[in-house]
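Reading the structure
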Amino acid sequence: MAMAEPVDGTRMESEAGRPQAAGTQTLLRGLKVLECVAGGICDVQGIAAALGTPRSTTHRILNSLVTAKYLHHLPHKGYLLGPMPIHLGNRALEQRPLVALAQPHCEALARQTGDTVHLGVADGAEVVYLVKITSTRGFEMRSRVGQRMPLATTGIGKALMLGVPPQRWRALYDAAIALNARHPERPAPTPWPLYEERMRAYLARDVVFDLEENEVGIRCAGAPVREVGGRVSAAISVASAIPFMPEERLEEIAPLVRAAADDISRELGWSR
């Protein structure tokens, strides 16, 4: 009996561990389903292939997510994100101090310029848009909050790159080319020697320009946002169509963008 107790205890731990592992696997699969649907995979067959699960298992996960309002199911069309991810996404944005502090400055800059204003942060080789204030010129850009774009070919992304050591720029440039290769509608890349030359000039003035490098017909000026210690933690940009943004106007609004970025940076505790 003295030997049985540790053996039983080990078995109980193992048996207790199996449901926990299964529960974790189910949770991860559910999250993967949400990622698939958000990425445009909306049919059972495609989701099952992405998960590597049988259709029956995939159906059970999908039905649970529909019941919990994480997904909508439209007959003959497939699955779409439901109201719960939207609610959670909005709460996540509300709880980010950066967004709460930056929003008034973004709105003021949008009123000052009449153009579209973005705020974003880096995630690997991409920028994630956290704020978008739409232009008052009647011109709507395709960008949206939560969208991800390559760092190296967007104005806001290049502003974030000013906080990265220059020796890392080429890797981010190559990553952007690889990402954009999947989207033939995007502009051809700027040759690396010219790109590097421009980035070094931007670094000297702490302001960057996007000269139709991400979207044909769109130009923007961007500047990095810094936190305590001077680390670049975000970036802000002003963008518009070429008729409203000739290169002369880019130069005119550059100081406004830089000033707004400095205002946000001071809110985050940065000082020169």
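Here the structure is shown first, and the text comes after it.
Residues numbered from 1 in each chain as written. Predicted model: local features only at pLDDT ≥ 70, side-chain atom pairs only at ≥ 80, totals over all residues. Heavy atoms only, no water.

1. Focus on the sheet that holds strand β3 (residues 116-123)
To keep it simple, the criterion reads: In this description, strands pair whenever DSSP reports at least two bridges between them. Segments assigned H or I by DSSP are reported as helices when at least four residues long, segments assigned E as strands when at least two residues long, and all are numbered from the N terminus. Where helices are involved, their axes are fitted lines through C-alpha atoms of the stretch in contact, as for all axes, and angles between N-to-C directions lie from 0 to 180°.
Reading across the sheet, the 6 strands line up as β5-β4-β3-β8-β7-β6 and stay open at both edges, with antiparallel pairing between neighbours. The two strands at the open ends of the sheet, each matched to only one other strand, are β5 (148-150) and β6 (208-211). With direction set aside, neighbouring strand axes in the sheet form an average angle of 35 degrees. As defined by bridge partners, strand β7 (residues 218-226) adjoins strand β8 (residues 232-241) across 9 bridges and the pair is classed as antiparallel. Within β8, the position partnered with proline 224 by the bridge is alanine 235.

2. Observations regarding the side chain of serine 233
Test applied: Three labels apply to residues, based on accessible area from a 1.4 Å probe with only protein chains included: buried if under 20% of the type maximum, exposed if over 50%, partly exposed otherwise in between. Here, two residues are considered to be in contact whenever any of their heavy atoms come within 4.5 Å of each other.
Tracing the sequence through the fold places serine 233 in strand β8. What makes serine 233 buried here is its relative accessible area of 16%. Residues in contact with serine 233, not counting those within four places in the same chain, are Val121, Leu160, Val225, Arg226, Glu227 and Leu268.

3. Things to note about the environment of proline 150
When you line up the elements, proline 150 lands in strand β5. Under the relative-accessibility criterion, proline 150 is labelled buried at 2%. Between the C-alpha atoms of proline 150 and alanine 175, which are 25 residues apart in sequence, the distance is 7.6 Å. Setting aside residues up to four positions removed in sequence, proline 150 forms contacts with Ala125, Glu126, Val127, Ala176, Leu179, Asn180 and Arg186.

4. Brief notes about the state of the cysteines
Quick note on the threshold: In this description, the term disulfide denotes a pair of cysteine sulfurs within 2.5 Å.
Per the stated rule, a full pass over the model turns up 0 disulfides. Considering cysteine sulfurs only, cysteine 42 is the nearest to cysteine 36, which forms no disulfide, with 9.7 Å between them. By relative accessible area, which is 5% here, cysteine 36 ends up buried. Taking relative accessible area as the criterion, cysteine 42 reaches 18% and is therefore assigned buried.

5. Examining the pattern of salt bridges
For clarity, the threshold we go by: Salt-bridge detection follows one rule: a side-chain nitrogen of Lys or Arg within 4 Å of a carboxyl oxygen of Asp or Glu.
For the structure on display, the rule yields 13 salt bridges. With its nearest N and O atoms 2.6 Å apart, the salt bridge here joins arginine 148 to aspartate 123. Of this pair, arginine 148 sits in strand β5 while aspartate 123 sits in strand β3, placing them 25 residues apart in sequence. For arginine 148, a relative accessible area of 38% gives the class partly exposed.

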